[in-house]
Amino acid sequence: MVTLKDIARECNVSFSTVSKALQGSSEISSDTIKLVQSKAEELGYHPNIAARTLRTNKTFDIGIIFEDKTGSGFQHQYFAKIISGLQEVAQSNNYDLTFTGPASNKDYDYYKHVYGRNFDGVAILSADFSRPDLQKVAKSGLPVATLDYLYSNQAIAIISDHKTGMTELTNYVLSKGHKKIALILGDDTLVTKQRKEAFFSILKDNNIEIPAEYLKQARYHDPELSKKATQELLALPEPPTCIFYPDDYAALGGIQELNSKNLSIGKDISIVGYDGIMLTSMMQPPLTTYEQDGFKIGKIMATELLKQIEQKEKAVDYEPILISGKLLKGATVADLNSSR
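Just so it is clear, the model here is predicted, and its values are computed rather than measured.

*Asks:* Which residues make up the packing of aromatic side chains, and what values do they have?
*Replies:* One pass over the structure, following the stated rule, counts eleven aromatic pairs. With a centroid separation of 5.4 Å and 55 degrees between ring planes, the pair formed by Y78 and F79 is classed as tilted. Here F79 falls in the buried class, since its relative accessible area comes to 7%. Measuring from ring centre to ring centre gives 5.5 Å for Y274 and Y290, while their planes differ by 40 degrees; the resulting arrangement is tilted. With Y274 in the loop between strand 9 (270-272) and helix 12 (278-281) and Y290 in strand 10 (residues 289-291), this residue pair connects regions lying 16 residues apart in the sequence. Here Y274 matches Y290 in class, with each residue buried. Among the aromatic side chains, those forming a connected cluster through ring pairs are F66, Y78 and F79. Sitting above the plane of the Y274 ring, R195 keeps its charged end 3.6 Å from the centroid.

Structure representation (structure tokens):
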């Protein structure tokens, strides 16, 4: 088996130089890094993970907690982009990602599992953040990053700017002359609260009130519940002219229902989604939605985690990091102004 000493001898440099060059250390010149890395590849060198762990007291492994109640899982493009961003940064720094969960039974303990696997840090993408075992993980002193959730000052919080996203979507729909607007909500989470508050704030600013029947409860990434909510909205004596769905994937259920009623989307009725997944951009007509920058979210989450891991000291105070997206106007919102 090829060792660091073998590479050092071939390159006529010290053992320490080889070790640092393979890590891309700024202490080593770019020419030496290229020489060492090229020679390591030529000789077929593979790092001894166990030895590295003993030497550094790190496993170079980040735990990923991702629970999915709807079964869309990693097929959902938004989460797939986040994971790709995490992976790019982690791998470029010689860290691995290991998925843990979902918790299949009520006795599952994330805290015990995280420490049993000796992760250097943990990224919580989707879960019941109020679980006692996850709260214990956040308070443990281990570097932890969360997606769209605040553990006070206990963890790094990467927050997609839902307030701005919903504000831009709502203003766009209003600019098209819509006043009968329905909102289908996702799970009762911080994300839903932020979007709902932004939605009603914009309506209030424009002196628009909507009936209680226009507000429906569903779930993120669940087309069936969105389909049912759409049925109920269409059955109202005075149905809405535009329906907001909790996310693009959930909107597919609503689209199916609208098509079954032979309603032309973007003409007979208007709809908007949220997330900006590729699937809905390829539809005809393309969905009006707000694209969250999942890849950027994942990269920043990994970068902030690695800062804490490498510093070996937990930050005293964490400020939430807001990540903005962009409005995709699509073609599913009819312009009611032109019909007046």
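*Asks:* Any details on helix 10 (residues 223-234)? Residues and values, ideally.
*Replies:* Relative to the 16 Å expected for twelve residues at 1.5 Å per residue, helix 10 spans 16 Å between its end C-alpha atoms, a close match to the ideal helical length. Turning to helix 10, its buried residues are S226, A229, T230 and L233. Seen end-on, helix 10 carries its buried residues on one side only, within an arc spanning 105 degrees. Contacts from the buried residues of helix 10 go to strand 6 (181-185), strand 7 (215-217), strand 8 (242-244) and helix 11 (248-260). The backbone nitrogen of E224 has a side-chain oxygen 3.2 Å away, supplied by the residue at the start of helix 10, namely D222.

*Asks:* Explain the pattern of salt bridges residue by residue, including any values.
*Replies:* Taken as a whole and assessed by the stated rule, the structure comprises 14 salt bridges. Among the salt bridges present, the one from K81 reaches E291, with a minimum N-O distance of 3.7 Å. Of this pair, K81 sits in helix 5 (residues 77-92) while E291 sits in strand 10; the two residues are 210 residues apart in sequence, bridging distant segments of the chain. With a relative accessible area of 26%, K81 lands in the partly exposed category. Two residues, K216 and E232, come together in a salt bridge whose shortest N-O distance is 3.2 Å. Pair noted here: K216 is in strand 7 and E232 is in helix 10, with a separation of 16 residues, a long-range link. Exposure remark for K216: the relative accessible area of 17% places this residue in the buried category. Residue E232 is classed as partly exposed on the basis of its relative accessible area of 31%.

*Asks:* So, the packing of helix 8 (residues 162-175) against helix 9 (residues 190-205): which residues are in play, and what are the values?
*Replies:* Put simply, helix 8 and helix 9 touch, their axes get as near as 8 Å, and they point 35 degrees apart. The crossing of helix 8 and helix 9 is right-handed. Contacts between helix 8 and helix 9 involve H162, K163, M166, T167, T170, N171 and L174 on the former and, on the latter, V191, Q194, R195, A198, F199, I202 and L203.

*Asks:* So what about the environment of I255? Which residues, and what values?
*Replies:* For I255, the position within the fold is in helix 11. As a C-alpha pair, I255 and I82 span 173 residues in sequence and 26 Å in three-dimensional space. Setting aside its immediate chain neighbours within four residues, I255 contacts I265, I271 and M283.

*Asks:* Tell me about the nonpolar core, residues and numbers included.
*Replies:* With 37 residues, the main nonpolar core has F199, I243, F244 and I271 as its most contacted residues. Elements with a contribution of two residues or more to this core: helix 8, strand 6, helix 9, helix 10, strand 8, helix 11 and strand 9. Setting aside its immediate chain neighbours within four residues, F244 contacts M166, L169, T170, V173, I181, A182, L183, I184, F199 and V272. Core analysis: the next-biggest nonpolar cluster, separate from the first, contains 26 residues, Y78, A145, I156 and Y318 among them.

Parameters and conventions
Residues numbered from 1 in each chain as written. Predicted model: local features only at pLDDT ≥ 70, side-chain atom pairs only at ≥ 80, totals over all residues. Heavy atoms only, no water. Phe/Tyr/Trp six-rings, centres within 6.5 Å; stacked < 30°, edge-to-face > 60°. Buried < 20%, exposed > 50% of the residue type's maximum accessible area, 1.4 Å probe, protein only. Helix = DSSP H or I, 4+ residues; strand = E, 2+ residues; numbered from the N terminus. Lys NZ or Arg CZ within 6 Å of the ring centre and 35° of its normal. Expected span 1.5 Å × (residues − 1). Arc of directions from axis to C-beta. Contact = heavy atoms within 4.5 Å. Polar contact = N/O pair within 3.5 Å; in protein donor to acceptor, adjacent residues only side chain to side chain. Salt bridge = Lys/Arg side-chain N within 4 Å of Asp/Glu carboxyl O. Axes fitted to C-alpha atoms, helices over the stretch in contact; angles between N-to-C directions. Left-handed = near helix turned anticlockwise from the far one by under 90°. Core = buried A, V, L, I, M, F, W, Y, C linked by side-chain atoms within 4.5 Å.

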